[in-house]
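Residues per chain are reported as follows:
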Amino acid sequence: MPVFALLLIGVIAELAVIIAVGQAIGALWTILLLIAVSMAGVALLRRQGTRTLSAFTEGVRTGRAPVPEMADGVLIAIASALILFPGFISDVAALVLLFPPTRAAIRKRLLARSAARTRVVRHDVVDGEVVTGEPIIIDARVIEQRRPGDN
């Protein structure tokens, strides 16, 4: 239900802004402005999408983990959905996501939050079973399995 409420609030806000702009500059100019902003967004979307895809490909080719490029891809996908939604608020939000400096700042915060929520657990496989902790290895054989917190 909260998603539906947010979408409903978004639609009402978009309509209110479109009506306000239409009353200020006229209906025809409002429609032309909506079309122009959407066309600029689509052009920027194509350009930034191509750059991100080539940076992702280069990262994979060089053996580097393309985490920033994947985050950029997600943000560009969100921007493309916002561009398709007619209205000034969604178009401005999409342009913020498509503009490289603001997208980099959003990506940095997104990756920092993701890293803070992620817990890395080391797992080993011994004789086909997954075990955790650090094994004591002598002559490349596991003699004893230590559990975290054991001394």
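Details of the structure are given in the entry above.
Criteria and cut-off values
Residues numbered from 1 in each chain as written. Predicted model: local features only at pLDDT ≥ 70, side-chain atom pairs only at ≥ 80, totals over all residues. Heavy atoms only, no water. Helix = DSSP H or I, 4+ residues; strand = E, 2+ residues; numbered from the N terminus. Buried < 20%, exposed > 50% of the residue type's maximum accessible area, 1.4 Å probe, protein only. Areas by Shrake-Rupley, 256 points an atom, 1.4 Å probe, with all protein chains shown as cover. 1 Å grid on protein atoms, 1.4 Å probe; cavity = no way out; pocket = protein on both sides within 12 Å on 5 of 7 lines; lining within 4 Å. Points joined across faces, edges and corners; volume = space filled by probe spheres on them. Nonpolar A, V, L, I, M, F, W, Y, C, P; charged D, E, K, R; others polar. Contact = heavy atoms within 4.5 Å. Axes fitted to C-alpha atoms, helices over the stretch in contact; angles between N-to-C directions. Parallel < 35°, antiparallel > 145°, perpendicular 65-115°, else oblique.

Draft legend 1. The overall build of the protein chain, seen in detail. Within the protein chain, the regular secondary structure consists of five helices and four strands. Going from the N terminus to the C terminus, the protein chain shows its helices and strands as α-α-α-α-α-β-β-β-β. Taking all 151 residues of the protein chain together, 19% fall into the buried category. Here the protein chain displays about 11000 Å² of accessible surface, and carbon together with sulfur accounts for 68% of that area.

Draft legend 2. Structural context of the layout of surface pockets. Reported here for the largest pocket is a volume of approximately 170 Å³. Every residue along the wall of the largest pocket is listed here: L6, L7, G10, V11, A13, E14, L82, F85, I89 and S90. When contributions to the lining of the largest pocket are tallied by element, the ones reaching two or more residues are α1 (2–25) and α4 (88–98). Ranked by residue count, the leading element in the lining of the largest pocket is α1, at six residues. Tallied by class, residues from the lining of the largest pocket come to seven nonpolar, two polar and one charged.

Draft legend 3. Expanded view of the side chain of Q48. Locating Q48 in the fold gives a position in helix α2 (residues 27–61). Look at Q48 and you get buried, because its relative accessible area is 4%. Not counting the four nearest positions on each side in its chain, Q48 is found in contact with I76, L98, P100 and R103.

Draft legend 4. Just the packing of α1 against α4, in detail. Closest axis-to-axis distance for the α1/α4 pair is 7 Å, and the angle between their directions is 105°. Considering the angle they form, α1 stands roughly perpendicular to α4. Along its contact with α1, which presents A13, E14, V17, I18 and V21, the element α4 presents F88, I89 and S90. The class makeup of the residues in the contact of α1 with α4 is six nonpolar, one polar and one charged.

Draft legend 5. Expanded view of the environment of A40. Within the element layout of this structure, A40 appears in helix α2. The spacing of A40 and L95 is 55 residues in sequence and 8.9 Å in space, taken between C-alpha atoms.

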